[in-house]
Amino acid sequence: MHMLYMIFVDPFVQMGSAPDLFAQTLWEGLVAGVLYALIALGFVLIFKASGVFNFAQGIMVVFAALTLVGLYEHGVPAFLALALTVGVMLLLAIAIERLVLRPLVNQPEIILFMATFGLTYILIGSGELIFGGDPKVMISDKLLLPSGAYQIKMLGGFVQMQKIDIAAAIIASAMVVGLGIFFQKTRIGRALRAVADSHRAALSVGISLEYIWVVVWFAAGVVALATGIMWGARSNVSFALEIIALKALPVLILGGFTSIPGAIIGGVIIGVGEKIGEFYWGPLFGSGIEDWFAYVIALIFLLFRPQGLFGERIIERI
Amino acid sequence: MRAPSGPDVAVGEVLLSVENVSLSFGGVKAVSDVSFDIRKGEIRAIIGPNGAGKTSMLNIINGFYHPQQGRITFKGMTRAKMRPYEAAYGGIARTFQNVALFRGMTALDNIMAGRSLKMHRGFFWQLLRHGPALEEEVEHRRRVEEIIDFLKIQEIRRTPVGRLPYGLQKRVELGRALAMEPDLLLLDEPMAGMNLEEKEDMSRFILDVNDHYGTTIALIEHDMGVVMDLSDRVVVLDHGVRIADGTPAQVKSDQAVIDAYLGVAH
Amino acid sequence: MLYREAGQFKTSYRADQALFPIRQDQIGIILILLVAFVVVPLTASPFMIDSFLTPILIYSLAAIGLNLLTGYTGLLSLGTGAFMGVGAYGCYKLTTFFPGISIIVLIIGSGFLAAAAGIVFGLPSLRIKGFYLTVATLAAQFFLSWCYIRVPWLYNYNVSASIEVPERLVFGIPITGPTATVTTRYLVVLAIVTVMTWAASNLIRGRIGRAWMAIRDMDIAAELIGIKPYQTKLLAFAVSSFYCGVAGAMLVFLYLGNAESESFSINQSFLVLFMIIIGGLGSLLGSFFGATLIYGLPIVMRMTKESFGIGVTSATLEQINFITLGTLIILFLIAEPSGLARLWQIGKQKLRVWPFPY
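Here is a short report on the structure shown in this document. All values derive from a computational prediction rather than experimental measurement. (Residues numbered from 1 in each chain as written. Chains lettered and ligands numbered in written order. Predicted model: local features only at pLDDT ≥ 70, side-chain atom pairs only at ≥ 80, totals over all residues. Heavy atoms only, no water.)

### Notes on the sheet that holds strand β6 (residues 92–95) of chain B
All names here are of chain B.
Now for step 1: Pairing in this open sheet of six strands is mixed, and the strands run β6-β7-β8-β3-β9-β10 from one edge to the other. Since the sheet does not close on itself, it has two edges, and those belong to β6 and β10 (241–246), each with one partner. Across the sheet, the mean angle from the axis of one strand to that of its neighbour is 15 degrees, orientation sign disregarded.
Now for step 2: By the bridge criterion, five bridges tie strand β7 (residues 184–188) to strand β8 (residues 216–220) in an arrangement that is parallel. Following the sheet pairing, L187 is matched in β8 by L219.
Now for step 3: This element, helix α1 (residues 54–62), spans β3 (43–47), β6, β7, β8 and β9 (233–238) of the sheet and lies at about 150 degrees to β7. (Pairing = 2+ DSSP bridges. Helix = DSSP H or I, 4+ residues; strand = E, 2+ residues; numbered from the N terminus. Axes fitted to C-alpha atoms, helices over the stretch in contact; angles between N-to-C directions. Contact = heavy atoms within 4.5 Å.)

Printed below as a string of structure tokens:
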């Protein structure tokens, strides 16, 4: 009886009695959700255009952030380091296309998926080798990102919003809008959509798959860099980020693999759900349920809608 | 779980009857109010121009699609929604337009897989293998070898089916369906993509299956010559609607059928 | 010339379907078993046995477990580490509750516990397929890992959140715990692995193996010939988890001597997955090859570093290991997706016609 009360009633009582705390939790969840959504965005970009499920997206985030900070620590000025890191991500995209994607071009998706496991391990190993395994501090102030927080008086108390989080939300929105325009309006964007629909048809109208793939993996790399900067600014840059990045998978399950708005909405749902779950129900279980709560949310959705929120119902035809 | 199996149907009696069946996918109506029957022991052809709903019809009989309206009566029992493996247990087997073989397995294993229905030795016997499980395996191997002899595919038993030429793949698929010892065998374009010689072979196999095993056969086929030679009765579909039903001779001279094939708007 | 089968005709289906139908293979397997059970304990150094053979055998069993699920049934799982953990922690609790029962029985019993967990986490496979199911296994991995830290009952409220293996005797000989000798533990592991591999090969060659492969290759067609997809998939989860659970229990009780949550992390899941990718998906032999390569590589690297006096830290070595693993995976996927097992088959094929080229 007491257990039932603790599960079904008490958390809501807590929410109501301290609404500013609830709003704070919501905000934290929103911010986390935006960052998950950014990682999911990288997945969606690559999947849309090459059909590859890039398990290495998370480690790309870490690798990009590490490269940036590492260059800076070796004396490169901040914005130059930023430009160089972008260049590194381009080189990475070219290398991946030539060495991994091209040789595996006709293999079933599962093989490509497993290849990205290999990629993940290579990036983890080389990242640690080149930059060392210690957590690093993101050079957010050097990149002119704001610090400090706003204290907003609301709902009978205070809600604190870190300026960096607001910046993250704005930058993320800008990226989504920018990518949306890119896909709809530019020639390359159109080519990307063509490739996403059908490789063969795209080839037949003269679109170079290799070029498109480099573009797309590079774009995902840039998104990864932005994510890495944002995330690193809030908590340090370390390999623990890799595991957190895996949370993008439940986001994709909710939002679908090919929908950019889906990634955002899925990210927000997972981020908010996770934070609220951890804060209000967490103490019942012992802490740390953030490790797996996102997956449970996704699983429950899957059981009711096996294709996710935005996915298309696949009618199997023989 | 076995499908309820009615009393054994005598030769010539109705084995399967399709009554007022309609099926839509989203807004597309694949099959509209179609009715026909299949008599035990006969070879029944289902023909019609592309997109007529023939494969959908087979999929309905199989339990793979569930019609929004109408019903199917098989061996005297009328079914509501039936799952595909219930259809299999009830005695319906089929082959597919695009060969649906298990590409990672050999021809022998594919046909042995067709015996799954009939193999009952439990998990712990399978773990042990020696003893009842192995005896069951050998017994079914014997039956499968009969089918392999019948279809003359001895040399390719151990070849992974992915490596076989198309014509042989279709034969292995037929073998797998035969291994189920079905009452009703549904063949979806068994001659597709074959040259003249392969078609003659396949025709002979189909006739032999009907003669030798007594299996009732429903087949979809585009080659009119084959249809006229092989089948006892023909039903013609066009745009999901039944437009003719009768002996090959009757159907061949039916004006509606001629119009449909020539693309005359009606 | 050496490997020709000419002249070996089978006169019964039973003989044709035997595990080792070719005479040379029969001789080969007897030799291998002889070496493993008799020659090795007598001649190999304890270091060799304890650093290589015992753990490679244990990981081979885990690889077989994952191979049954992923290689034969086509269900990609990232939860192997967690299921090995269920076996390990399960065995630990069983030894706490049943101190009098033989440890061998308890190790097998922990397999059943793992199988139960496998069924629970395989339940979603009714509605969820392919990649989504893989994410569900990831959920299992993270949830169970969390349990191994946050559920103190599992490690008997030990302050360090780890489990220590108690000494257990079988027929008066210490099998587990600090007093058990290297050779004893090796032989027990070898015996269990041999029996379970034989059982797995029996399953694979029979109707269950065919059902699994049918589901993998085309589950729609499998259903249409009378194979029940859901039951078949659940069985795959159960059997696979059983094998992984026993491997986990053996890893802790017959090898490491202690364990904590980190031993069953997602890294472990990837390691075993890499073993079956490189070794060969859908091949029992490949599971052994893969385990040997993946487990043996870091050890060989470390030994090389020590014997050549190369001055790199062990952290660096680990990083190089990661890079090598990742590269190997990609290389194998490009060049030989069927893994070492296929290379082995090609090798045997060459032997058949040697000294002719084809």
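Don't stop here, the text continues.
### With respect to the pattern of salt bridges
Residues and elements named next belong to chain B.
Now for step 1: Here the structure, examined in full by the defined rule, presents 24 salt bridges over all chains.
Now for step 2: The shortest N-O distance in the salt bridge between K199 and D223 comes to 2.8 Å. Here K199 is found in helix α7 (residues 196–213), whereas its partner D223 is found in the loop between β8 and α8 (224–230), with 24 residues between them in sequence.
Now for step 3: On the basis of relative accessible area, D223 is assigned to the partly exposed category, the value being 24%.
Now for step 4: A salt bridge links D201 to R204; the nearest nitrogen and oxygen atoms lie 2.9 Å apart. Of this pair, D201 and R204 both sit in helix α7, three residues apart, roughly one helical turn.
Now for step 5: Its relative accessible area of 23% is what places D201 among the partly exposed residues.
Now for step 6: Residue classification places R204 among the partly exposed positions, given a relative accessible area of 46%.
Now for step 7: Here the salt bridges share partners, and the residues they tie into one network are D37, E42, R44, R233, R242 and D245. (Salt bridge = Lys/Arg side-chain N within 4 Å of Asp/Glu carboxyl O. Buried < 20%, exposed > 50% of the residue type's maximum accessible area, 1.4 Å probe, protein only.)

### Re the interface of chain C and chain A
Now for step 1: Between chain C and chain A, the contact holds 38 residues from the first and 43 residues from the second.
Now for step 2: Taking both partners together, chain C and chain A bury about 3800 Å²; carbon and sulfur atoms supply 80% of that area.
Now for step 3: In terms of surface lost to chain A, no three residues of chain C exceed C:R127, C:Y132 and C:W146, which account for 18% of the buried area on that side.
Now for step 4: Counting the contacts that link chain C with chain A gives zero salt bridges.
Now for step 5: The tally of links from chain C across to chain A stands at two residue pairs in polar contact (both at pLDDT 80 or more).
Now for step 6: Elements with a contribution of two residues or more to the side of chain C that touches chain A: α6 (130–150), α8 (207–224), α10 (266–279) and α12 (314–335) of chain C.
Now for step 7: Of the residues in the side of chain C that touches chain A, the class split is 29 nonpolar, six polar and three charged. (Buried area = accessible area lost by both parts, 1.4 Å probe. Polar contact = N/O pair within 3.5 Å; in protein donor to acceptor, adjacent residues only side chain to side chain. Nonpolar A, V, L, I, M, F, W, Y, C, P; charged D, E, K, R; others polar.)

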